[in-house]
Amino acid sequence: MSESHGGTWQRTPLYEEHRALGAKLVEFGGWEMPVSYRGIMEEHRAVRTAAGLFDVSHMGEIEVLGPHAGATCQRLTCNDVRKLANGHVQYTLLCREDGGVVDDVTLYRVNEQRYFFCVNASNIAKDLAWIQENAGAATIVDRSAVTALIALQGPAAVRILERLTPLTMSALKSFRFARAEVAGLPAFISRTGYTGEDGFEIYVDAPHAVAVWAALMAAGADDGLEPIGLGARDTLRLEAALPLYGHELDDQTSPLAAGLTRFVKLDGEDFLGRSYLLHEQEQGAPRRLVGLKMRGSGIARQGYPVVFEGATVGIVTSGTHSPTLGEAVALAYVSAPLATLGTLLAIQVRGRAVPAEVIPTPFYRRARPAPAAVPVPEALPTSGADDELTEEVTTDPVAPIELTVPVDEADTDPETDDVPPAAPEGES
Amino acid sequence: MQVPETLRYSEEHEWVLITDGVATIGITDHAQEELGDIVFVELPALGAVLTKTATLGVVESVKAVSDVYAPIGGTVTTVNERLTSNPEIINEDPYGEGWMVKVSVTDTIEVDGLMTAAQYREFVAQEKA
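Colleague: Describe the overall build of chain B, naming the residues involved and giving the relevant values.
Modeller: Secondary structure assignment for chain B yields four helices and nine strands. Along chain B, helices and strands appear, N-terminal first, in the series β-β-β-α-β-β-β-β-β-α-α-β-α. Its C-alpha atoms give chain B a radius of gyration of 13 Å, within 12% of the compact-globule value 14 Å for 129 residues. A principal-axis box enclosing the C-alpha atoms of chain B has dimensions of 35 × 35 × 20 Å. Sorting the 129 residues of chain B into buried and exposed places 44% on the buried side. Within chain B, counting contacts between residues at least 6 apart in sequence, those at least 24 apart form 64% of the total.

Colleague: Give me the lowdown on the interface of chain B and chain A, citing residues and values where you can.
Modeller: Listed by partner, the interface residues are 14 residues for chain B and 16 residues for chain A. In terms of residue class, the side of chain B that touches chain A is built from seven nonpolar, one polar and six charged.

Colleague: Now, about the confidence of the model for chain B: what can you tell me, with residues and values included?
Modeller: Overall, the prediction assigns chain B a mean pLDDT of 95, with 100% of residues at 70 or greater. Model confidence for the complex is summarised by a pTM of 0.87, with the ipTM given as 0.86.

Colleague: Could you give me a rundown of the nonpolar core, with the residues and numbers involved?
Modeller: All names here are of chain A. If you look at the biggest cluster of nonpolar residues, it comprises 151 residues, and the most contacted ones within it are Ile150, Leu152, Ile189, Ile202, Ala300 and Ile347. Ranked by residue count, the leading element in this core is strand E17 (residues 327-335), at seven residues. Two domains share this core, each providing at least three of its residues, namely domain 1 (1-82 + 106-241 + 389-414) and domain 2 (286-366). In this view, Ile202 contacts Ile150, Leu152, Val182, Ala187, Ile189 and Val212; residues no more than four positions away in its chain are not counted.

Colleague: Can you break down unusual backbone geometry residue by residue, with the values?
Modeller: Between A:Thr361 and A:Pro362 the backbone carries a cis peptide bond, its omega angle lying at 0°. A positive phi angle, close to 55°, is found at A:Ala183, a residue other than glycine. Turning to its location among the elements, A:Ala183 is positioned in the loop between strand E10 (177-182) and strand E11 (185-190). Overall, A:Ala183 belongs to the partly exposed group, with 18 C-beta atoms counted inside 10 Å. Backbone geometry places B:His13, a non-glycine residue, at a positive phi of 75°. Note on placement: B:His13 falls in the loop between strand E1 (8-9) and strand E2 (14-19).

Colleague: Run through the domain arrangement of chain A, naming residues and quoting values.
Modeller: All names here are of chain A. What the domain assignment lists for chain A is domain 1 (1-82 + 106-241 + 389-414) and domain 2 (286-366). Contact with domain 1, which involves twelve residues of that partner, is made by twelve residues of domain 2. It is helix H2 (residues 40-49) that contributes the most residues to the side of domain 1 that touches domain 2, four residues altogether. Residue composition of the side of domain 1 that touches domain 2, by class: four nonpolar, three polar and five charged.

Colleague: Explain the environment of A:Thr324 to me, and be specific about the residues and the numbers.
Modeller: All names here are of chain A. In this fold, Thr324 is placed in the loop between strand E16 (311-322) and E17. Considered as a pair, Thr324 and Arg48 are 276 residues apart in the sequence and their alpha carbons are 8.2 Å apart. What Thr324 contacts, discounting residues up to four positions off in sequence, is Arg48, Glu239 and Tyr364.

Colleague: Could you give an account of the sheet that holds strand E7 (residues 65-69) of chain B, naming the residues involved and the relevant values?
Modeller: All names here are of chain B. Here we have three strands laid out as an open sheet, ordered E4-E6-E7, and antiparallel in their pairing. Edge strands, defined here as strands with exactly one partner in the open sheet, are strand E4 (38-42) and E7. Strand-to-strand twist of the sheet, defined as the mean angle between neighbouring strand axes without regard to direction, takes the value 25°. Note that strand E6 (residues 55-61) and E7 share five bridges and pair antiparallel.

Colleague: Tell me about helix H7 (residues 230-239) of chain A, and name the residues and values.
Modeller: All names here are of chain A. Most of H7 is tucked away: ten of the ten residues are buried. For H7, the complete set of buried residues consists of Leu230, Gly231, Ala232, Arg233, Asp234, Thr235, Leu236, Arg237, Leu238 and Glu239. Buried positions along H7 lie against strand E1 (24-28), strand E2 (31-36), H2, strand E3 (51-55), strand E13 (225-228) and E16. Once H7 ends, the next one or two residues include Ala241, with phi positive near 55°.

Colleague: Now, about the pairing of strand E15 (residues 305-308) of chain A: what can you tell me, with residues and values included?
Modeller: All names here are of chain A. Examined bridge by bridge, E15 and E16 share four bridges and lie antiparallel to one another. Paired with Val307 across the bridge in E16 is Thr312. Remark: two residues form the turn of the hairpin made by E15 and E16, two consecutive strands paired antiparallel; Glu309 in that turn has positive phi of roughly 50°. The sheet contact formed by E15 and strand E18 (residues 344-349) spans two bridges and is antiparallel. Each residue of the ladder has a partner; that of Val306, found in E18, is Ile347.

Thresholds applied
- Residue positions are given per chain, counted from 1 along the sequence in the order it is written.
- Ligands are numbered from 1 and chains lettered from A, in the order in which they are written.
- The model is predicted, so local features are restricted to residues of pLDDT at least 70 and side-chain atom pairs to those at 80 or more, both for listing and for counting; the totals for chains, interfaces and linings are taken over all residues.
- Helix and strand labels come from DSSP, where a helix needs a run of H or I of at least four residues and a strand needs a run of E of at least two; each type is numbered from the N terminus.
- Throughout, radius of gyration means the C-alpha value; the globule benchmark is 2.2 Å times the number of residues raised to the power 0.38.
- Counting other C-beta atoms within 10 Å of a residue's C-beta gives its exposure: the residue is buried at 20 or more, exposed at 12 or fewer, and partly exposed in between, where C-beta atoms are placed from the backbone.
- Residues are defined as contacting one another if the C-beta atoms placed from their backbone atoms lie within 7 Å.
- The residue classification treats Ala, Val, Leu, Ile, Met, Phe, Trp, Tyr, Cys and Pro as nonpolar and Asp, Glu, Lys and Arg as charged. All others, Gly included, are polar.
- Confidence scores here are pLDDT values: one per residue, from the predictor, ranging 0 to 100.
- Take the buried Ala, Val, Leu, Ile, Met, Phe, Trp, Tyr and Cys residues, join any whose C-beta atoms are within 7 Å, and the set you get is a nonpolar core.
- Throughout, the edges of the domains are those of an automatic or database domain assignment.
- Strand pairing follows a simple DSSP-based rule, namely that at least 2 bridges must link the two strands.
- Helix axes are fitted to C-alpha atoms over the stretch in contact, other axes to C-alpha atoms as well, and angles between N-to-C directions run from 0 to 180 degrees.

Below, the structure is given as structure tokens:
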């Protein structure tokens, strides 16, 4: 159960904080990271009902700079970069020519000559090589090692963060970011996350990570803020049906099979993998990612076979006991004809075929505050809320309030623009 | 970590208590701590004949699946059905209400191959090192 190691794992700037908090530390993607502090269930509940603080500094931040930055980002990604205005964030994918996913990432536009990717920790080296190889005339800078990333997630996130920053956090829309001070230190605050809750991802220079973490922990103490490890991060994202690279996505899986069609803009500009994806779209992906709920006793786990009428028809990519639902759910690839809602399949759990039903995703959707009882302006984007990543998509019944510090104009200090988080939810 | 003196322990972190030829078996406090919140328990069928080190059942936490091995051979006479609907009992009381199975022991001499409390404490300390 406990493992020893040779001390070769990387540590984030917050490593000593985790130890002081009594975290259980594990290896993840080459990093020594907290898997839990007080227990996954309790941490999971804290994020759903109050707030949680996550150290995700292991994630990578890669900048794309210069007059050709936008063109390079477009060539590298499936989503439509033209839709990104300054201060906007987009969930997108880096695809290979054969349609396989190099990584799923978030792309930030600071200004037209400065973008950055937030990439998965285990993929930093691969992504950097891929991005450099396809950089064209843009300049690529890897800021992963000098950037810390702290996620504050949960219904209390807005009120906690507002205690530490001069900006009105409720005015920062989903999938927008702004430069602002947090606890007096320069930061990028992004209204994004990987939990299915409202919240923020906060980029700071690595030397400021401890101070910002400590300030957030203190500011949230009365609101039930808890430190959250990777264990609950995984159950939270799975309930929200957000893909995890290495599970739902990999070099052999296309974003169309993964149900990420909303983030693949085949009718827009050209990008790496577009020809193949056009072809796949015409043919129809042979397998589809589905949500499953166990109808018998057992928990599906990654790698368990999915069976139908005695034949293997798919494979589980992620599965757990859902703390919120109190039952076992899973994501799995199954052959396309069996991906219909309501289909009764089975999952091989240690030799037993346990019934499992195809159900809609996400498994969990947070309750939204009821819109004000005034007519909502018609111009609001209604975005195609047609799949599991739709969550965070722009809905904003309140008149938008401009942030006091537009990111595009604040960009004078390259040392503090860092990068990105990783988590997708909406933004088409 | 609690390690009651009255029990014997396996290297796979099971505990055994033998009373009148019947072994009560569960997982240790250390094991439940390492696993975290236990959400699923699979128990053997009544009458199942287990050889020492055979898979006796499965304990799953939110995060991980862990096999439980028979620390001693025998025939399953009772299983703790309460764990099926309340697996968290193992976290709360691993040496008491969280027991998993009772086994009619084939050969009580096998107990001698298990660790004492002092040996188990030492074993866990070494595993952590």
